[in-house]
Amino acid sequence: MTQVVSELSKTSKILICFGTRPELIKFAPMIQFLVASGKQLVTVNTGQHTDLLLPLFELFGIRPDYNLEAMVAGQSLNALGSRLLEKLDPVLEKEQPDLVLVQGDTASAVMGSMAAFNRRIPVGHLEAGLRSGNPLSPFPEEMNRRLVGQIARFHFAATERNRRTLLDEGVKPESIHLVGNTVVDALHQTLKTTRPGSTVAEMQEWAAGKKLVLVTTHRRENFGETMSLHLRALREFIESRTDLAMVFPVHPNPNVRAAVNAELDHHPRIRLTDPMGYCDFVHLLSHAWLIVSDSGGIQEEATALGKPMIVLRENTERPEAVECGVARLVGESPERLREMLRTALIDEVWHASASRSCDVFGDGHAAERICDVLFGASEKTNPLQPLSIAA
Ligand code: UDP
């Protein structure tokens with residue numbers, strides 16, 4: 001582990017800026033930890049996602065101090081960016097935080113760090129140092145993450161690879177802290193402390209005796225023909241055998257909805273649902289036979305749970321999921337997807353080896369570590385296990 005450098009005093013005020021479902025899931029363990037340790041905390045919801053966040057607030061017992069409602073239907077990325085800056089600035093001016101924490105690669109993360117920088121407030125970046133290697137994919141997230149990396153003072157890396165990437169880019173070693181990803185904290189905590197709702201029980205009954213394929217897709221690079229052809233291949237796969245069933249919580253983005261309605265409607269062994277609550281989703285994930293998704297967070301969750309996954313992307317900024325054997329990258333080609341789906345069925349050796357859980361993204365104690373870095377280790381926190389490190 002990197003040497004711990006504490007820069008904040010016990011009474012420092014932290015402002016956490018988030019706006020999307022994955023950011024809130026990954027910040028939830030941090031927020032809970034900071035609240036439990038009595039720290040001064042301000043939570044700002046930019047409103048990049050709206051309905052997707054409401055059940056999460058309830059699940060994690062979080063009530064944001066500010067709701068900026070920055071989302072306007074159909075607005076360009078530039079319009080969103082400027083609205084975020086405009087709405088964040090008065091909050092920073094009023095609250096005068098000692099540190100702004102952002103997570104990942106969203107517009108809320110990049111604009112949150114920019115707004116803080118312009119007011120000379122230091123920034124901490126959770127999930128720092130991920131790179132796909134292609135500035136245009138995922139778009140605009142890859143560039144967002146790089147830009148946050150230019151601004152951040154604290155870089156919280158989830159894996160050894162992420163730490164090395166930052167070092168290679170010239171970030172000072174003492175600013176980088178290898179802590180794991182808080183998504184694993186949220187996952188383990190949720191699976192341990194909650195029970196799935198009746199929807200999950202009903203879905204499990206519906207899919208009883210069948211292999212359950214859980215699908216999500218929402219990436220901008222896949223919109224259009226690529227997404228339609230992937231969905232067609234998935235439908236053909238489910239049609240090919242009666243012992244296959246598919247559940248697909250459909251992202252609210254209109255591009256996704258249109259493709260799904262055109263390709264997947266009306267099949268008795270395909271269930272299309274609204275986005276599922278996180279608690280239900282992770283319980284279903286833990287029962288899936290195969291996951292097919294372009295989601296970043298789900299790659300981390302599948303790895304932590306040991307769930308074979310086909311990633312609907314050309315590249316991934318989380319190659320650890322592929323290297324540890326859980327995930328396979330499919331790219332744009334529907335033929336390749338068909339081939340991989342077939343392989344999942346017939347290659348039992350692959351399926352069994354991909355079903356081994358791996359803690360490369362963390363061991364469930366990332367939030368504690370981040371708080372220790374920021375405030376110094378408290379006697380109340382558990383002695384931490386060193387992370388297992390993947391090259
Ligand atoms: N998720 C959820 N309900 C769903 C689908 C996904 O709660 O119906 C969760 C999932 O467990 C993961 C996160 O949403 O933690 C991933 O979000 P998303 O795929 O939207 O974004 P990404 O991780 O790709 O940025």
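Quick note: structure is the one above.
Every value quoted in this text rests on a predicted model; they were computed, and no experiment measured them. One numbering rule holds for all chains: residues counted from 1, following each sequence as written. Predicted model: local features are reported for residues with pLDDT of at least 70 only, side-chain atom pairs are reported and counted for 80 or more only, and whole-chain, interface and lining totals are derived from all residues. Processing note: side-chain calculations cover all non-hydrogen atoms of the structure and skip hydrogens and water entirely.

**A few points about the overall build of the protein**
A tally of regular secondary structure across the protein gives 16 helices and 13 strands. Compactness check: the protein gives a C-alpha radius of gyration of 20 Å against a globular reference of 21 Å for 391 residues, within 12% of the reference. Its C-alpha atoms put the protein at 60 × 45 × 40 Å along the principal axes. Exposed residues in this analysis have more than 50% of their type's maximum accessible area, buried residues have under 20%, and partly exposed residues fall in between, with area computed by a 1.4 Å probe over protein chains only. When the 391 residues of the protein are sorted by exposure, 57% land in the buried category. Of the roughly 16,500 Å² of accessible surface on the protein, a fraction of 50% belongs to carbon and sulfur atoms. Each charge class in the protein can be summarised by its mean position, and for the 41 positive and 48 negative side chains these summaries are 1 Å apart. Labels follow the DSSP assignment, with helices taken as runs of H or I lasting at least four residues and strands as runs of E lasting at least two, numbered in each case from the N terminus. To get the radius of gyration, use the C-alpha atoms; to get the globule rule, take the number of residues to the power 0.38 and multiply by 2.2 Å. Methods summary: accessible areas were calculated by the Shrake-Rupley approach with a probe of 1.4 Å, and residue burial reflects only the protein chains presented. None of His or the chain ends enter the tally, which takes Lys and Arg as positive and Asp and Glu as negative. Charge positions are represented by NZ for Lys, CZ for Arg, CG for Asp and CD for Glu.

**A word on the packing of helix α9 (residues 225–240) against helix α10 (residues 254–264)**
Axes here refer to lines fitted to C-alpha atoms; in helices the fit is confined to the stretch in contact. Angles between the N-to-C directions go from 0 to 180 degrees. Put simply, α9 and α10 touch, their axes get as near as 9 Å, and they point 35° apart. Where α9 crosses over α10, the two elements pack in a sense that is right-handed. From α9, Met227, Ser228, Leu231, Arg232 and Arg235 reach across to α10, where they touch Val256, Ala259, Val260, Glu263 and Leu264. In terms of residue class, the contact of α9 with α10 is made up of six nonpolar, one polar and three charged. Handedness of a crossing is defined here by the sense of rotation of the near helix relative to the far one, left-handed for an anticlockwise turn of less than a right angle and right-handed for a clockwise turn. Contacts between residues were defined by any pair of non-hydrogen atoms, one from each residue, lying within 4.5 Å. Three categories are distinguished: nonpolar for Ala, Val, Leu, Ile, Met, Phe, Trp, Tyr, Cys and Pro, charged for Asp, Glu, Lys and Arg, and polar for the others, with Gly belonging to the last.

**Structural notes on the nonpolar core**
Ranked by size, the top nonpolar core spans 59 residues in total, and within it Met30, Leu101, Phe156 and Leu374 carry the most contacts. Membership of the second largest hydrophobic core comes to 30 residues, among which are Val213, Val215, Ala344 and Trp350. Here the nonpolar core consists of buried residues drawn from Ala, Val, Leu, Ile, Met, Phe, Trp, Tyr and Cys, with membership extended through side-chain atoms lying within 4.5 Å.

**Let's talk about α10**
Those residues of α10 that sit buried are Val256, Ala259, Val260, Glu263 and Leu264. Seen from one end, α10 has its buried residues packed into an arc of 100°, which puts them on one side. Pointing more than 90 degrees away from the buried face of α10 are the exposed residues Pro254 and Ala262. Looking at the buried positions of α10, the neighbouring elements they touch are α9, β9 (244–249) and β10 (270–273). Its side-chain oxygen at 2.8 Å from the backbone nitrogen of Asn255, Asn253 defines the N-terminal cap of α10. By definition, the arc is the one covered by directions from the helix axis to the C-beta atoms. Any pair of N or O atoms that falls within 3.5 Å is considered a polar contact. Within protein, one atom must be able to donate a hydrogen and the other to accept it, and sequence-neighbouring residues count only if both atoms are side-chain atoms.

**So, the site of the ligand**
Consider each residue's heavy atoms; a residue with any of them within 4 Å of a molecule or strand counts as near. The ligand sits among 15 residues. The nearest are Arg219, Ser295, Gly296, Gly297 and Glu301. Met276 is positioned with one of its backbone polar atoms (N or O) 2.8 Å from a nitrogen atom of the ligand. When the ligand is considered free in solution it has 540 Å² of accessible area, and contact with the protein chains removes 94% of it. Only α1 (21–36), α11 (278–285) and α12 (296–305) provide two or more residues apiece to the shell around the ligand. The element contributing the most residues to the shell around the ligand is α12, with four residues. Split into classes, the residues belonging to the shell around the ligand amount to eight nonpolar, four polar and three charged.

**With respect to helix α4 (residues 107–118)**
Helix length check: α4, at 12 residues, gives a terminal C-alpha distance of 16 Å against a target of 16 Å (1.5 Å per residue), a fit within 8%. Those residues of α4 that sit buried are Ala107, Ser108, Ala109, Val110, Met111, Gly112, Ser113, Ala115 and Ala116. Tucked into the core, α4 has its buried residues touching β1 (13–18), α1, α3 (77–95), β4 (99–103), β5 (123–128) and α5 (141–151). Measuring from the side-chain oxygen of the N-cap residue of α4 to the backbone nitrogen of Ser108 gives 3.2 Å; that N-cap residue is Thr106. Positive phi appears at Arg120, one or two residues downstream of α4, with a value of about 60°. Given a helix with a known number of residues, its expected span is that number minus one, times 1.5 Å.

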